[in-house]
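# Secondary and tertiary structure notes
Below, each chain spelled out in residue letters.
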Amino acid sequence: MNKKFVLGIYDDEDVLLEAIENVRAAGTKIYDVFSPYPVHGIDDVLGIKRSRLPIVAFFCGLFGTSFALWMQIWMLGFDWPMIIGGKPHIAIPAFIPVTFELTVLCAAFGMVITFFIVSRLKPSFKVNVFDKRSTDDKFVMAIEVKEGVTDMSALNNLLRSNGAIEVNEKEVIK
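Predicted model only: the values in this text are computed from it and were never measured.

Ordered by their spatial adjacency, four strands build an open sheet running S2-S3-S1-S4, and the pairing between neighbours is antiparallel. Looking along the sheet, the strands with just one partner apiece sit at the ends: strand S2 (32–34) and strand S4 (166–173). If you compare each strand with its neighbour and ignore which way they point, the axes differ by 30 degrees on average. Lying on the sheet, helix H1 (residues 13–25) is in contact with strand S1 (2–10), S2 and strand S3 (139–145); it crosses S3 at an angle near 20 degrees.

Here it is in structure tokens:
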């Protein structure tokens, strides 16, 4: 499936941030913005909501804690009880290191897996780069073109009037 995009290319991040505000105020939906380095405040200007990944981390960590305690209590208290050094079968202070490690492990794996699923990232051999200069010194604003809905000349004028040094069209296989 091919998708068509209009790319506004900028050479200054302040001009880009102002252009994003103006383009969104005009009612145009921005597909994505690409930059050679992180731009402070771009998430707020694009209207990207705060990530819910910390909630996933909490629940995965809670699962790791619960699993570690259950596993150790079951193994050392019921499945194969051994008296080691006169300690009780269920010695919670001795379980703290393993519990901590499994909490961190489950939280980390849970966040990574959730991030890949939510971001729809998967292994691929071909990566679609809208403009190679976005990896070096230019900022690229991509706007998806819908056939019969998007007025190309108005969109071109909107981007140019907001500081784009170049406006290009690109078709991408998705």
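This paragraph deals with the state of the cysteines. Using the criterion set out here, one finds zero disulfides in the structure. Distance from the sulfur of Cys60, which forms no disulfide, to the nearest cysteine sulfur (Cys106) is 7.3 Å. Take Cys106: its relative accessible area is 18%, and that puts it in the buried class.

Across all of its chains, the model carries 10 aromatic pairs by this definition. Among the aromatic residues, those joined into a cluster by ring pairs are Phe5, Tyr31, Phe34 and Phe130.

What follows deals with the UniProt feature "transmembrane region" (unreviewed entry) in the chain. The feature "transmembrane region" (unreviewed entry), as annotated in UniProt, sits at residues 55–74 and 94–118 in this numbering. Secondary structure content for residues 55–74 is 100% helix and 0% strand, while the C-alpha to C-alpha distance between its ends is 28 Å. For residues 94–118, helix accounts for 100% and strand for 0%, while the C-alpha atoms at its two ends are 37 Å apart.

Averaged over every residue, the pLDDT of the chain is 90; the share at 70 or more is 99%. Mean pLDDT per element in the chain: S4 is the minimum at 87, and helix H4 (residues 92–118) is the maximum at 95.

Next up on the list: the environment of Ser161. Along the chain, the position of Ser161 falls in helix H5 (residues 152–161). What makes Ser161 exposed here is its relative accessible area of 58%. Sequence spacing of Ser161 and Ser66 is 95 residues, and the spatial spacing of their C-alpha atoms is 57 Å. A polar atom in the side chain of Ser161 sits 2.9 Å from the backbone oxygen of Leu158.

As a further point, take unusual backbone geometry. Located in the positive-phi region is Arg120, a residue other than glycine, with phi close to 55 degrees. Among the secondary structure elements, Arg120 is positioned in the loop between H4 and S3. In this structure Arg120 comes out as exposed when scored by relative accessible area, which is 70%.

On the surface, a nonpolar cluster with roughly 900 Å² of combined accessible area is contributed by Phe63, Phe67, Trp70, Trp74, Met75, Leu76, Phe78, Ile90 and Ile92. No other element matches helix H3 (residues 53–79), which puts seven residues into the nonpolar patch. Within the secondary structure, Phe67 sits in helix H3. Residue classification places Phe67 among the partly exposed positions, given a relative accessible area of 32%.

Turning to the side chain of Ser134, a few remarks are in order. On the secondary structure map, Ser134 appears in the loop between H4 and S3. One polar contact links the side chain of Ser134 to the main-chain carbonyl oxygen of Asp131, over a distance of 2.8 Å. Dropping the residues within four chain positions of it, Ser134 is found in contact with Phe34, Ser35, Pro36 and Val140.

Tallied over the entire structure, the rule returns three salt bridges. With its nearest N and O atoms 3.3 Å apart, the salt bridge here joins Lys4 to Glu169. Taken as a pair, Lys4 in strand S1 and Glu169 in strand S4 lie far apart in primary sequence, 165 residues in all. Residue classification places Glu169 among the exposed positions, given a relative accessible area of 52%.

Rules and cut-offs
Residues numbered from 1 in each chain as written. Predicted model: local features only at pLDDT ≥ 70, side-chain atom pairs only at ≥ 80, totals over all residues. Heavy atoms only, no water. Pairing = 2+ DSSP bridges. Helix = DSSP H or I, 4+ residues; strand = E, 2+ residues; numbered from the N terminus. Axes fitted to C-alpha atoms, helices over the stretch in contact; angles between N-to-C directions. Contact = heavy atoms within 4.5 Å. Disulfide = S-S within 2.5 Å. Buried < 20%, exposed > 50% of the residue type's maximum accessible area, 1.4 Å probe, protein only. Phe/Tyr/Trp six-rings, centres within 6.5 Å; stacked < 30°, edge-to-face > 60°. UniProt positions renumbered as here; feature names shortened; annotations may be inferred. pLDDT = per-residue confidence, 0-100. Polar contact = N/O pair within 3.5 Å; in protein donor to acceptor, adjacent residues only side chain to side chain. Patch = residues over 30% accessible without salt bridge, like charges linked within 9 Å, V, L, I, M, F, W, Y side chains within 5 Å. Areas by Shrake-Rupley, 256 points an atom, 1.4 Å probe, with all protein chains shown as cover. Salt bridge = Lys/Arg side-chain N within 4 Å of Asp/Glu carboxyl O.

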